[in-house]
Amino acid sequence: MIQEKEIKNRGQIVFISCMGILLFAIAIVSTERLIPRFKTEFLLTHSQAGAILSANMLGFLISILLGGIISDYSSKKRLILAGFLLSGTGGILIFLAKSYFMLLLGGLFIGISGGLLEGILSIVIMLVFKEKPGMAMNLTQIFFGIGAGIAPFFATLFREWRFAYSLIAILSFLLLFVTIPSTIPETRSNEKLKEIINLFANPLFLLVAMGMFFYSCTETGIVGWISSLFIEELETSKLWGTLSLSVYWFAQFVGRATVGLKVDRFSPEKIISILFFISGLTLSGALTLHITNLSFIFFSLTGFVMAPIWPTIIADARMRFSKTPGAAVGGIAAMGSLAGMIIAPLIGKIADLYTISRGLYLTVATSIAGCLIYIAIILIIKASGTRNYR
């Protein structure tokens, strides 16, 4: 059973949550956009470049899993403060990077901070809007879309790319100081740790986690390689490469600001399965047509369609697995991070052997796999005669 304390200063909490997610988006997407520059300056292969993205995801996996579990029993505020501190540290490391190792370490720290901020702030915002968790999650993820949309231009705004990371560090420390005097809503679980073991052994929980795995395979594959696809394979300008990523994230912003804010009106399992299926179709169009303008349009449509999936999965898990919500959110999001660790270098390997577009066909397969997972979840819930997972 979760014990909840009274929630105060809602506006301040919403501000910290939205700005924290915005910060994480700018940090991680700036890194994705700067992969071509890293490759040139540090003489990296596609596989080494993909490993930088994997370092982000490794840090994210560790922190969102452990942070989620710890948040059920300890202070959420301390975890949020640690997230801002690590984000600032990661920004400084990449700003000062003189070697490939420092890039990896900085990426790891930014990933750890992102896991704490994404995971804990998501739980906090759903405490503020208890009656509409799907809307709350999509609200914060709108700011992820904004941050991710401006990040490609932010990252290339300066002649020297390192300045972008100095600003990320400054913003991190500013939000750290804003959060220190703030009152963050806390929850405490009276459940024993064996409940967490039971949760991770629950077949339906595992299916939901696999759904998140396939979602993250699709999204990480797209955002990690779309710029390189346009610049290297479609032979567009660097501006087109930047626009392709920015417009993809802008489309996600629109999707979350429209469809995402209405998801609480529908069955989450059904809407997720439909969105997975449509994203598979739009990705097929983008990769099969292989024409700059049409690929640009279809990738943008994919961003719009996929936008509500992540926040809706997380919001539904927070409500369904209510005995240990932090562990549920952390475990499911960690599976998403694991997917990112696997898919980015895998696409890089295929790109080294063949082409980037061939590697990106994996994202079509993962979209269809996500659809099939959620069809299975719908059938199991229907057969059991209940929507409760536990």
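Scroll up to find the structure this text is about.
Definitions and cut-offs
- Residues numbered from 1 in each chain as written.
- Predicted model: local features only at pLDDT ≥ 70, side-chain atom pairs only at ≥ 80, totals over all residues.
- Heavy atoms only, no water.
- Helix = DSSP H or I, 4+ residues; strand = E, 2+ residues; numbered from the N terminus.
- Rg over C-alpha atoms; globule rule 2.2 N^0.38 Å.
- Buried < 20%, exposed > 50% of the residue type's maximum accessible area, 1.4 Å probe, protein only.
- Contact = heavy atoms within 4.5 Å.
- Lys, Arg positive; Asp, Glu negative; His and termini not counted.
- Charge placed at Lys NZ, Arg CZ, Asp CG, Glu CD.
- Disulfide = S-S within 2.5 Å.
- Phe/Tyr/Trp six-rings, centres within 6.5 Å; stacked < 30°, edge-to-face > 60°.
- Patch = residues over 30% accessible without salt bridge, like charges linked within 9 Å, V, L, I, M, F, W, Y side chains within 5 Å.
- Areas by Shrake-Rupley, 256 points an atom, 1.4 Å probe, with all protein chains shown as cover.
- Salt bridge = Lys/Arg side-chain N within 4 Å of Asp/Glu carboxyl O.
- Core = buried A, V, L, I, M, F, W, Y, C linked by side-chain atoms within 4.5 Å.
- Axes fitted to C-alpha atoms, helices over the stretch in contact; angles between N-to-C directions.
- Parallel < 35°, antiparallel > 145°, perpendicular 65-115°, else oblique.
- Left-handed = near helix turned anticlockwise from the far one by under 90°.
- Nonpolar A, V, L, I, M, F, W, Y, C, P; charged D, E, K, R; others polar.

Asks: I'd like to hear about the overall build of the protein chain, residue by residue, with values.
Replies: On a plain count of helices and strands, the protein chain comes out with 15 helices and two strands. Expected size for 390 residues packed as a compact globule is a radius of gyration near 21 Å; at 20 Å, the protein chain falls within 12% of this value. Along the longest, intermediate and shortest principal axes, the C-alpha atoms of the protein chain span 55 × 50 × 35 Å. The proportion of buried residues among the 390 residues of the protein chain is 60%. Within the protein chain, residue pairs in contact and separated by at least 24 positions form 85% of the contacts whose partners lie at least 6 positions apart. Averaging the positions of the 30 positive and the 19 negative side-chain charges in the protein chain gives two centres separated by 4 Å.

Asks: Describe in detail the state of the cysteines, supporting the description with residues and values.
Replies: Per the counting criterion, the structure on display carries zero disulfides. In this model Cys371 remains outside any disulfide bridge; the closest cysteine sulfur is found in Cys217, 16 Å from its own.

Asks: Which residues make up the packing of aromatic side chains, and what values go with them?
Replies: According to the stated counting rule, one finds 17 aromatic pairs in the structure shown. Between Phe205 and Phe321 the ring centres are 5.3 Å apart and the planes differ by 85°, which places this aromatic pair in the edge-to-face class. Placement of Phe205 in helix H9 (residues 203-233) and of Phe321 in the loop between helix H13 (309-320) and helix H14 (325-353) is noted, with a sequence separation of 116 residues between them. The same class applies to Phe205 as to Phe321, namely buried. Taking 5.5 Å as the distance between ring centres and 80° as the angle between the ring planes, the aromatic pair formed by Tyr248 and Trp249 counts as edge-to-face. Three or more aromatic residues joined by ring pairs make a cluster, and in this case those are Phe24, Phe60, Phe144, Tyr215, Tyr248, Trp249 and Trp310.

Asks: Which residues make up a nonpolar patch on the surface, and what are the values?
Replies: A grouping of Ile274, Phe277, Ile278, Leu281, Ile368, Leu372, Ile375 and Leu379 is seen on the molecular surface, where their side chains present a nonpolar patch of about 710 Å² in accessible area. Breaking the nonpolar patch down by element, the ones donating at least two residues are helix H11 (268-289) and helix H15 (356-384). Among the structural elements, Ile368 can be located in helix H15. Judged by its relative accessible area of 32%, Ile368 is partly exposed.

Asks: Help me get a handle on the side chain of Lys77, residues and values and all.
Replies: Looking at the secondary structure, you find Lys77 in helix H4 (residues 76-95). If near-sequence neighbours (up to four positions away) are discounted, Lys77 is found in contact with Thr179, Ile180, Pro181, Ser182, Ile184 and Glu186.

Asks: Before we move on, could you go through the nonpolar core and cite the residues and values that matter?
Replies: Counting 117 residues, the largest nonpolar core has Phe38, Phe299, Ile314 and Ile332 as the members making the most contacts within it. Counting residues per element, this core draws most heavily on H9, which supplies 15 residues. Other than its neighbours up to four places away in sequence, Phe38 contacts Thr31, Leu43, Leu44, Ile52, Leu103, Trp161 and Tyr165.

Asks: So what's going on with the packing of helix H1 (residues 10-33) against helix H5 (residues 100-128)? Residues and values would help.
Replies: Two elements in contact, H1 and H5, have axes whose closest approach is 9 Å; the angle formed by their N-to-C orientations is 150°. With respect to H5, the element H1 is oriented roughly antiparallel. For the pair H1 and H5, the crossing hand works out as left-handed. Here Arg10, Ile13, Val14, Ile16, Ser17, Gly20, Ile21, Leu23, Phe24, Ala27 and Ile28 of H1 lie close against H5, whose contacting residues are Ile110, Gly114, Leu117, Glu118, Leu121, Val124, Ile125 and Val128. In terms of residue class, the contact of H1 with H5 is built from 14 nonpolar, three polar and two charged.

Purely geometric stuff here, so don't read any function into it on its own.
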